[in-house]
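One-letter residues, chain by chain:
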Amino acid sequence: MSINTAAGRGVWLAIILLASACCAIGAGFVLSVVGVEPKLVLGGAGATFLGLATLGLGACRFVAEGPQNGPSAE
């Protein structure tokens, strides 16, 4: 599937956000099992989601755009 089509971008966005949400749920579960305060559980899960979503979207953009300029002849 091509990333550069509108449908491809939508599918990859859904995959990245779903994976980020699953990891955030896992992080929240681990924090709650350890016995952390509820506000820190929510903060940790939220930070995990934001970090992974940002990383995933940045990586997807990096892969989709490829090299901008070829090697210079100088």
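Look up a bit, the structure's there.
Residues numbered from 1 in each chain as written. Predicted model: local features only at pLDDT ≥ 70, side-chain atom pairs only at ≥ 80, totals over all residues. Heavy atoms only, no water.

Trainee: Is there a simple way to think about the overall build of the chain in this case?
Mentor: Helix and strand counts for the chain stand at two helices and zero strands. Counting every position in the chain, which comprises 74 residues, the buried fraction comes to 16%. Taking the intrachain contacts of the chain between residues at least 6 apart in sequence as the baseline, contacts between residues at least 24 apart amount to 61%. For the chain, the accessible surface area stands at approximately 5,500 Å², while carbon and sulfur atoms represent 73% of it. (Helix = DSSP H or I, 4+ residues; strand = E, 2+ residues; numbered from the N terminus. Buried < 20%, exposed > 50% of the residue type's maximum accessible area, 1.4 Å probe, protein only. Contact = heavy atoms within 4.5 Å. Areas by Shrake-Rupley, 256 points an atom, 1.4 Å probe, with all protein chains shown as cover.)

Trainee: Looking at this model, I keep getting lost on helix H2 (residues 38-65). Mind explaining?
Mentor: Along an α-helix, residues three or four apart share an orientation, since each turn contains 3.6 residues. Along its 28 residues, H2 runs 40 Å from first to last C-alpha, staying within 8% of the 40 Å computed at 1.5 Å per residue. Considering only its buried residues, H2 is in contact with helix H1 (6-34). Positive backbone phi, approximately 70°, marks Gly-66, located one or two places after H2. (Expected span 1.5 Å × (residues − 1).)

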